[in-house]
Amino acid sequence: MKKRHTFLVLACLICLFFTTACKRTSNNSETKKEFVLASFTVLADIIRNVVTDDFIVKSITKPGVEVHAYKPTPSDLINASEAFVFVDNGFGFEIWSEKFVSNLQFKRLTIANDLDPIFITEDFYKGKPNPHAWISPKRGILYVDIIVKSLSELRPSKRELFERNGEIYKNKLSKIDKDFKLFINNLEQDRRYLVTCEGAFSYLAKDYGLNEVYLWPVNAESQITPKRMARTISLVKKKNIPSVFCESTVSNESQMVVVNETGAKFGGNLFVDSLSSANGPANSYLGMLKHNLKIIKKGLY
Ligand SMILES: [Zn+2]
């Protein structure tokens with residue numbers, strides 16, 4: 001009886017040892033994962049596809065939130081202090097990022113430092129780069145290259161993994177690039193007008209041969225002038241443009257004025273500055289590009 005009791009105690013101790021050891025191992029593997037911080041959801045998703053499960057990737061701004069003039073919170077700062085690298089878009093997209101990084105100790109990777117800009121040609125923003133380069137799948141491929149190269153320099157032991165993941169992801173982007181080209185090639189010349197709220201489609205328009213028309217150049221609704229509104233209405237009427245669009249992070253109120261004045265349809269919300277929530281139509285960068293293509297196709301064909 002005593003022997004049996006000793007055996008049971010021993011068995012329990014062994015169990016306890018293994019349970020604790022396993023727990024510790026799993027905690028260690030969690031803490032081993034490094035943390036990459038992105039400025040907005042689109043960038044976070046691209047990075048996630050490059051680093052996969054080997055790193056934790058988070059975005060400062062959440063889905064649906066306006067990014068240009070976001071105001072970081074104290075908890076953003078606490079979160080950020082644990083990251084080893086902060087990735088932002090640049091070209092003046094994140095008005096808040098300079099101040100945000102000034103007190104934090106991490107590497108900063110700004111995608112725009114390795115991109116060719118398209119400059120804004122109007123008003124207050126004249127001569128400044130348009131920040132929304134990711135909206136063109138062709139440029140999205142460049143984002144992947146920049147992320148793979150820069151993160152490989154920071155973590156050389158992961159180079160192969162990043163390169164392999166990057167290639168798989170770029171193949172998916174190339175497919176969407178081809179779909180955009182095919183759509184525009186099949187679209188009558190006089191229908192190649194993309195009328196949006198914000199001038200966020202310059203890179204897409206340039207890369208695929210669309211004429212871009214917008215109500216304000218960069219996300220600041222106060223920039224709508226009666227002159228620009230009148231010009232847009234006149235153009236939509238003159239060219240008989242079938243549909244106009246707006247972006248998911250801004251109000252479509254002004255575009256509805258164009259709709260009412262011209263008889264054009266409201267084609268829907270396009271995603272640019274933010275992904276949708278998880279159950280929305282654009283919960284990944286690839287999903288966002290596909291959604292935009294689908295909406296534009298439906299509105300312009
Ligand atoms: Zn924007």
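Residues numbered from 1 in each chain as written. Predicted model: local features only at pLDDT ≥ 70, side-chain atom pairs only at ≥ 80, totals over all residues. Heavy atoms only, no water.

Once that is clear, we can look at the packing of aromatic side chains. How two aromatic rings sit relative to each other is given by the distance of their centres and the angle of their planes. What the rule picks out here adds up to 11 aromatic pairs. Look at W96 and F100: their rings are 5.7 Å apart centre to centre, the planes differ by 80°, and that puts the pair in the edge-to-face class. Assessed through its relative accessible area of 6%, W96 is described here as buried. Taking the relative accessible area as the measure of exposure, F100 reaches 4% and is therefore buried. Both rings, one in F180 and one in Y208, keep their centres 5.3 Å apart while their planes meet at 35°; by these two values the pair is tilted. Of this pair, F180 sits in helix 6 (residues 159-185) while Y208 sits in helix 7 (residues 202-208), and the two are 28 residues apart along the sequence. A residue is classified by how much of its surface remains accessible, and Y208, at 8% relative accessible area, is buried. (Phe/Tyr/Trp six-rings, centres within 6.5 Å; stacked < 30°, edge-to-face > 60°. Buried < 20%, exposed > 50% of the residue type's maximum accessible area, 1.4 Å probe, protein only. Helix = DSSP H or I, 4+ residues; strand = E, 2+ residues; numbered from the N terminus.)

End to end, helix 6 covers 38 Å across 27 residues, agreeing with the expected 39 Å (1.5 Å per residue, within 8%). Considered for burial, the residues of helix 6 that qualify are L161, F162, N165, G166, Y169, K170, L173, I176, D177, F180, F183 and I184. Those residues of helix 6 that are buried lie in contact with helix 2 (41-51), strand 2 (55-59), helix 5 (137-154), helix 7 and helix 10 (285-300). (Expected span 1.5 Å × (residues − 1). Contact = heavy atoms within 4.5 Å.)

So, about the coordination of the zinc ion. Ligation of the zinc ion by protein atoms is provided by H68 (NE2), H132 (NE2), E198 (OE), E198 (OE), D273 (OD) and D273 (OD), these donors lying 2.1 to 2.8 Å from the ion. The coordination sphere of the zinc ion comprises six donor atoms, whose angles at the metal cover 49 to 153°; the geometry is irregular. Each donor residue of the zinc ion lies on one chain, and together they are spaced H-x63-H-x65-E-x74-D. Here D273 lies in the loop between strand 8 (265-270) and helix 10 and E198 lies in strand 5 (residues 193-198), a separation of 75 residues in the sequence. In this structure E198 comes out as buried when scored by relative accessible area, which is 1%. (Donors = N, O, S within 2.8 Å, 3.2 Å for Na, K, Ca; no water. Tetrahedral: all angles 85-135°; square planar, octahedral: opposite > 155°, others 65-115°.)

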